[in-house]
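# Structural features, examined
In case you want the letters, here they are:
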Amino acid sequence: MSKASKEFLVKQQKVFDLLWRVDQPELRPELYALGKSYKIEADLNCYSNQDAVREFLALHQRGMLPRGKIFSIFHSDHLHEAIALFKVLYHSKDFDTFCKTAAWARIHVNEGMYVYAFSVAVIRYPETFRIRLPSLHELYPHLFFKNEVIRSAYDAKLYNDPTKTVASSDGAIIIPDNDSILSSECCSHDEYKLRYFTEDVYSNEIHYFSQLTHPFWMKSEEFGPHFPKRGEVYLYGLKVQLARYNMERFSNGLAEIEDFDWSYPIPYGYHPSMSYHNGLPVPHRSDDAMLPNHKLGLIKELRNLEQLFASAIDSGFVFHKNATFESIRTRSGIEVLGNLIQGNADSVNHDLYGNYELLARDVLGFSPAPRGKYDVVPSIMQVYGLSLRDPMYWSLVKRIMSYHKKFVSYLPKYTYKDLAFPDVKIESVDVDKVETYFDDVDYLISAAVKARNVDDKTLIKARQYRLNHKPFNYDITIHSKAGMRSWIRIYLGPKYNLNHEEMNITENYNQFILVDYWDTDLKPGINKIKRSSVETNYGGPDPMSSDLFYRKIEKCIAGEDVYELPKYPYLYPERMLIPKGRPEGVPFQFFVYVSPYDEKKMFHYRSAQFGERKMWNDPFGFPLERPSDFNIAELPNAYLKEFKIYHEERSEISVGA
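The sections below set out a description of the structure shown in this document.

### A short note on the sheet that holds strand E11 (residues 525-532)
If you walk across this open sheet you meet the three strands as E5-E8-E11, and the pairing is antiparallel. With one partner strand each, in any of the chains shown, strand E5 (424-431) and E11 form the two edges of the open sheet. Averaged over all pairs of adjacent strands, the angle between their axes in this sheet comes to 20°, without regard to strand direction. By the bridge criterion, seven bridges tie E5 to strand E8 (residues 473-480) in an arrangement that is antiparallel.

Written as structure tokens, this is what we have:
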């Protein structure tokens with residue numbers, strides 16, 4: 001990590017200011033005055049693409065989504081307007097123009113559209129590279145916390161109701177919200193048992209930030225750093241999500257989530273008990289509900305797309321717009337297929353293969369038919385950063401993964417020779433006791449209640465349980481015949497299914513997820529390697545609450561503190577890598593795999609939100625991304641270690657033990 005410069009810190013502070021209480025822009029008088037006085041049309045020479053600026057100004061003059069309305073990137077008109085605003089921000093010639101444009105948009109553009117366009121611009125704009133954005137729940141608390149919690153925040157702030165709060169050491173109003181995590185009100189069957197996982201704030205937000213970093217509407221080579229392997233990363237991400245979700249189901253004694261059929265009732269209901277900022281309730285879905293009539297046209301289109309995907313996978317070919325075709329039975333085929341299914345801007349034929357995921361989210365979320373292009377009420381499935389809450393999201397991911405599994409079944413199976421590392425043998429793997437628990441975390445929700453005036457600095461936080469685990473160590477003993485640099489990967493997977501049948505890794509390779517990887521120099525002979533779970537490159541700590549972060553930035557600007565630029569700014573929560581388990585223990589297994597390190601096979605990946613790193617050119621998930629024709633656990637350079645995950649009740653917790 002490197003120390004942030006004062007210039008960087010000032011930019012960081014300015015970005016937070018520009019996103020602070022966008023529904024009350026007058027509370028930042030300096031920015032409000034700047035936004036009122038700035039005239040974009042008078043400063044066209046301050047933008048590198050004046051045509052994009054003129055296009056936006058013409059759009060704004062004709063009329064855009066009014067302030068106060070609900071914004072959704074799943075609505076084509078909303079998205080078109082947001083992209084136009086993004087382009088104006090992105091093409092600012094300097095940071096001063098960038099800020100002036102943002103200050104203007106903060107007043108004159110719909111709040112949700114502004115937040116989205118500005119956030120994507122901050123991630124992509126060269127002068128704001130590695131600038132941190134506030135967490136989504138801090139901007140939109142009403143979409144993360146039930147109506148009851150928001151009402152309690154109002155009562156506690158406006159009426160000083162002491163029955164709604166608990167004691168706080170920093171003067172904040174703390175609203176307890178653990179009951180909602182344990183409640184069965186939102187969903188049926190036994191899905192409520194998973195709410196601590198599906199409604200975890202930061203694991204949902206990593207989904208949101210990944211979409212901000214690589215929007216489906218943006219080509220991978222546009223606007224900043226190129227995004228390699230986009231389609232492959234998309235499918236790999238869903239594979240990891242589903243495998244991790246299934247582990248949580250196993251921990252709670254639940255079978256895999258059910259499939260669905262477009263012709264039959266949707267098996268899982270969902271009642272979010274939340275409202276949008278304008279008071280409209282977030283749409284709900286009852287158990288075994290028939291799909292609404294106004295979705296029938298979309299259902300027909302979805303069935304057609306599913307037939308096209310199946311045909312492409314079975315034939316091994318996809319068709320381009322110019323009527324040529326391309327084989328997908330190649331190393332890059334997974335990339336092509338992923339782009340098709342996501343329906344992103346890199347799809348080889350968007351006209352033919354459409355936008356499957358967006359259509360499916362629309363249908364399964366049961367959003368009502370819009371009364372007009374500016375009167376939409378998106379479902380949870382149509383809000384990135386919230387959709388993991390809905391059981392049907394996971395059923396949809398399972399459907400998409402069925403195409404992935406069918407695709408890899410046509411690829412050549414790995415042979416022993418493909419995966420063996422003849423000069424290396426893993427002699428043993430030992431793991432400390434793995435224990436999970438729930439701890440409390442306070443989430444900043446001050447934006448849920450309007451500020452009285454400029455001087456109103458009231459902090460409001462909601463306190464919830466979150467899943468965590470005690471740190472543990474891996475002790476790995478490796479024998480190497482020579483000195484060499486190597487990769488070590490650790491995967492996590494279940495040991496048994498619900499019928500207590502052992503899950504063979506060769507057959508169930510798609511149930512394992514990568515939880516850590518690193519490179520190391522092996523010396524000749526015995527190598528004893530100790531690795532702590534907190535050292536993982538795959539996860540990181542939860543981000544600091546914005547009130548604390550902003551205070552730290554202020555101190556750093558004043559020279560009273562130091563801000564180190566994080567190596568990986570935004571990672572999946574490390575505490576969530578391990579499933580909950582049970583008090584009596586649930587058997588799982590680590591799969592440890594050692595492979596050669598080859599600098600020639602590395603590629604450089606650069607992301608404003610997820611850091612800069614070198615990545616291997618192997619397929620994502622290697623060597624468990626496709627079947628092998630032998631028992632992979634028999635490799636000398638691989639090792640399966642069975643262990644149990646124990647869950648401690650809150651009364652038993654002693655984290656420092």
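That was the structure; now back to the text.
### Re the pattern of salt bridges
One pass over the structure, following the stated rule, counts 45 salt bridges. Ionic pairing is found between Lys295 and Asp362, a salt bridge with its closest N-O pair at 2.5 Å. Pair noted here: Lys295 is in the loop between helix H12 (230-251) and helix H13 (296-315) and Asp362 is in helix H16 (residues 356-365), with a separation of 67 residues, a long-range link. A salt bridge links Asp561 to Lys552; the shortest N-O distance between them is 3.2 Å.

### Things to note about the nonpolar core
By size, the foremost hydrophobic cluster in this structure holds 211 residues, and its most contacted members are Phe56, Tyr114, Phe118, Trp262 and Ile476. Other than its neighbours up to four places away in sequence, Ile476 contacts Ile426, Ser428, Val429, Ile488, Ile490, Trp518, Asn527, Lys528, Ile529 and Val592.

### Structural notes on the packing of H13 against H16
At a closest axis distance of 10 Å, the pairing of H13 and H16 adopts a crossing angle of 145°. For H13 against H16, the interelement crossing comes out left-handed. Within the contact between the two elements, H13 uses Leu298, Ile299, Glu301, Leu302, Leu305, Glu306 and Phe309 and H16 uses Tyr356, Leu359, Ala360, Asp362 and Val363. Across the contact of H13 with H16, the residue classes tally to nine nonpolar, no polar and three charged.

### With respect to the side chain of Thr128
Among the structural elements, Thr128 can be located in the loop between helix H6 (111-124) and helix H7 (136-139). Residue Thr128 is classed as buried on the basis of its relative accessible area of 0%. Ignoring sequence-local partners within four residues, the contact set of Thr128 consists of Phe95, Phe98, Ala121 and Val122.

### A few points about helix H11 (residues 201-213)
Relative to the 18 Å expected for 13 residues at 1.5 Å per residue, H11 spans 18 Å between its end C-alpha atoms, a close match to the ideal helical length. Buried residues dominate H11, accounting for 12 of its 13 residues. All of the buried residues in H11 are Val201, Tyr202, Ser203, Asn204, Glu205, Ile206, His207, Tyr208, Phe209, Gln211, Leu212 and Thr213. With a side-chain oxygen lying 3.3 Å from the backbone nitrogen of Tyr202, the N-terminal cap of H11 falls on Asp200.

### A word on the packing of helix H2 (residues 29-37) against helix H5 (residues 95-108)
The geometry of H2 relative to H5 is characterised by a closest axis approach of 7 Å and an angle of 90° between their N-to-C directions. Regarding the angle of H2 to H5, the classification is roughly perpendicular. Here Leu31, Tyr32, Leu34, Gly35 and Lys36 of H2 lie close against H5, whose contacting residues are Cys99, Lys100, Ala103, Trp104, Arg106, Ile107 and His108. Broken down by class, the residue content of the contact of H2 with H5 amounts to seven nonpolar, two polar and three charged.

### Concerning the sheet that holds strand E10 (residues 513-522)
Across the sheet, which stays open at both edges, the seven strands sit in the order E2-E7-E6-E18-E15-E9-E10 with mixed pairing between neighbours. Strand pairing shows two members of the sheet lacking a second neighbour, strand E2 (173-176) and E10, which therefore form its edges. The mean inter-strand angle of the sheet, taken between neighbouring strand axes irrespective of direction, is 35°. With nine bridges connecting them, strand E9 (residues 484-494) and E10 associate as antiparallel partners. Paired with Met484 across the two strands is Leu522, which belongs to E10. Strands in contact with H12 are strand E7 (460-469), E9, E10 and strand E15 (586-596); relative to E10, the strand with the most contacts, it is inclined by about 115°.

### Quick look at the packing of aromatic side chains
Both the distance between ring centres and the angle between the ring planes are used here to describe each pair of aromatic rings. Per the stated rule, a full pass over the model turns up 41 aromatic pairs. An angle of 75° between the planes, with centres 5.8 Å apart, marks the rings of Phe309 and Tyr403 as edge-to-face. In this pair, Phe309 sits in helix H13 while Tyr403 sits in helix H17 (residues 391-409), placing the two residues 94 residues apart along the sequence. The residues Phe309 and Tyr403 share a single accessibility class, namely buried. An aromatic cluster is defined as three or more aromatic residues linked by ring pairs; in this entry it consists of Phe95, Phe98, Tyr114, Phe118 and Tyr125. In this structure, Arg285 is placed above the aromatic ring of Phe366, and the distance from its NZ or CZ to the ring centre is 5.9 Å.

Each value, and the rule that gives it
Residues numbered from 1 in each chain as written. Predicted model: local features only at pLDDT ≥ 70, side-chain atom pairs only at ≥ 80, totals over all residues. Heavy atoms only, no water. Pairing = 2+ DSSP bridges. Helix = DSSP H or I, 4+ residues; strand = E, 2+ residues; numbered from the N terminus. Axes fitted to C-alpha atoms, helices over the stretch in contact; angles between N-to-C directions. Salt bridge = Lys/Arg side-chain N within 4 Å of Asp/Glu carboxyl O. Core = buried A, V, L, I, M, F, W, Y, C linked by side-chain atoms within 4.5 Å. Buried < 20%, exposed > 50% of the residue type's maximum accessible area, 1.4 Å probe, protein only. Contact = heavy atoms within 4.5 Å. Left-handed = near helix turned anticlockwise from the far one by under 90°. Nonpolar A, V, L, I, M, F, W, Y, C, P; charged D, E, K, R; others polar. Expected span 1.5 Å × (residues − 1). Polar contact = N/O pair within 3.5 Å; in protein donor to acceptor, adjacent residues only side chain to side chain. Parallel < 35°, antiparallel > 145°, perpendicular 65-115°, else oblique. Phe/Tyr/Trp six-rings, centres within 6.5 Å; stacked < 30°, edge-to-face > 60°. Lys NZ or Arg CZ within 6 Å of the ring centre and 35° of its normal.

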